[in-house]
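The primary structure of each chain is shown beneath.
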Amino acid sequence: MSFGYFLVPNAADPLVETARLAESLGLEYVGIQDHPYQRRFVDTLVLSSAILTATSSLRVFPDVACLPLRPPGVLAKAAASLDVLSGGRFELGLGAGAFWDAIEGYGGARRSPGEALAALGEAVEVIRLLWSGDRGLRFEGSHYHLRGMHSGPLPAHDIGIWIGAYGPRALALTGRVADGWVPSVSAQVVGRLPELNDRVDAGAADAGRDPSAVKRVYNVGGTITGGASEGYLDGPPSQWVDELSALVTDHRADVLVFGGPVDQLRTFAEEVAPAVRAATSP
């Protein structure tokens, strides 16, 4: 089991200091929201670079990168560069896009659900080609292409491509081609996790892959309180331990990324995470 913190890249907040705190508290990951059209946000990849420079063990990933505003060739180059410069501490969360009015307003192409899914599948192929070490790369898709380009630099480790998805076809794609699945687990989603996991597994099986090769990376937003429970992931540390342990034992969580207020980060890292590890250890 690994644990992380979900960072909203608000320019007014002490973002690098928060990441340093997460590392000092023993968390392994920071996932950074990516909405480039938000005027209050710094750029997610630039912030990733700053955090990787300021830390020594923390792993960083976009949670998840907005593909319609980040061409996959340039995104592959940026991800590989961050991985090389950090000694292998970058993973690539990737999403097909949402908030289409904002994406279009910021210069991106508005896509139908089918187009967005097709573009996501093509992007994964392009990115993997550009990390392959091969020369003279060629790819012709409906949305992206490569025409005689050379790959490089090579990442320092096998960067995981973790897809944020919920729809049936997107989950099947995740199982076929991705290294991880990144949903946000809420009261509405937790009851559907068996079905959603099964769709990822079926996609993996259809592609001849072991479903366990797809890491489950769950964003878990909520509030740690000192009082009685007020709902799912909204209660005292003991409730969080029980509910997160269930995500591990019943729903195969590999990484739990805390999305609560930053002033609860220490409680999560010092009280909740160790107890979940203890409760779920073989």
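Our subject is the structure that appears above.
Presented here is a report on the structure given in the accompanying data block. Just so it is clear, the model here is predicted, and its values are computed rather than measured.

## A short note on the pairing of strand β2 (residues 29–32)
By the alternation rule, side chains of β2 split into Tyr29 and Gly31 and Val30 and Ile32, which are all buried. When strand β1 (residues 2–7) meets β2, the two strands line up parallel, connected through four bridges. Following the sheet pairing, Gly4 is matched in β2 by Tyr29. Read as a crossover between parallel neighbours, the route from β1 over helix α1 (residues 15–24) to β2 is right-handed. With four bridges joining them, β2 and strand β3 (residues 59–62) adopt parallel strand pairing. If you follow Val30 over to β3, its bridge partner there is Val60.

## Some remarks on unusual backbone geometry
Note the cis peptide between Asp63 and Val64, where omega equals -5°. Mapped onto the elements, Val64 comes out in the loop between β3 and β4 (65–66). With an omega of 0°, the peptide bond between Gly152 and Pro153 qualifies as cis. Inspection of the secondary structure puts Pro153 in the loop between β7 (145–149) and β8 (161–164). Positive phi is not limited to glycine here, since Phe99 has a value of about 50°. Positive phi outside glycine occurs at Arg252, with the angle close to 65°. Its location among the elements puts Arg252 in the loop between α9 (237–249) and β13 (255–258).

Reading the values: rules and limits
Residues numbered from 1 in each chain as written. Predicted model: local features only at pLDDT ≥ 70, side-chain atom pairs only at ≥ 80, totals over all residues. Heavy atoms only, no water. Buried < 20%, exposed > 50% of the residue type's maximum accessible area, 1.4 Å probe, protein only. Helix = DSSP H or I, 4+ residues; strand = E, 2+ residues; numbered from the N terminus. Pairing = 2+ DSSP bridges. Right-handed = clockwise from strand over helix to strand, strands pointing away.

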